Amino acid sequence: MTIENLKNAKLSLVTAGYLGVYIKLSNLLGEVSEITEREYSPTDVDNVNDGFNKAIYSALDEILKLAADSIADKICTDNNSEI
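Please read these numbers as outputs of a predicted model, since none were measured by experiment.

(A) Structural context of the overall build of the protein. Regarding its fold elements, the protein presents four helices and zero strands. When the helices and strands of the protein are listed from N to C terminus, the series reads α-α-α-α. Taking all 83 residues of the protein together, the buried fraction comes to 25%. For the protein, the proportion of contacts with a sequence separation of at least 24, taken over those separated by at least 6, is 57%. Accessible surface computed for the protein: about 5900 Å², of which carbon and sulfur atoms make up 55%.

(B) Examining helix 4 (residues 50-75) more closely. With 26 residues, helix 4 should cover 38 Å at 1.5 Å per step; its first-to-last C-alpha distance of 37 Å lies within 8% of that length. Regarding helix 4, the residues found buried are Asn 53, Ile 56, Leu 60, Ile 63, Ala 67 and Ser 70. Close packing links the buried residues of helix 4 with helix 2 (13-37) and helix 3 (45-48).

About the thresholds
Residues numbered from 1 in each chain as written. Predicted model: local features only at pLDDT ≥ 70, side-chain atom pairs only at ≥ 80, totals over all residues. Heavy atoms only, no water. Helix = DSSP H or I, 4+ residues; strand = E, 2+ residues; numbered from the N terminus. Buried < 20%, exposed > 50% of the residue type's maximum accessible area, 1.4 Å probe, protein only. Contact = heavy atoms within 4.5 Å. Areas by Shrake-Rupley, 256 points an atom, 1.4 Å probe, with all protein chains shown as cover. Expected span 1.5 Å × (residues − 1).

This is the structure:
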């Protein structure tokens, strides 16, 4: 999924925003790995990036919780915009 896909989804602006941040954070994992591969072998990348990866995965978990809360809040209202 891309941020462009979110523009076509029937989501509230808040939920779409949270999911957009999720996508950006996910992309950072790949970008950092690519940079690390310039200096280290592919087998060492995960070890070198371990602290960063843990931090991003923790942030991804938290942003998904925020998105889920947003969805639940919108579904429970009469004027919801969530799918």
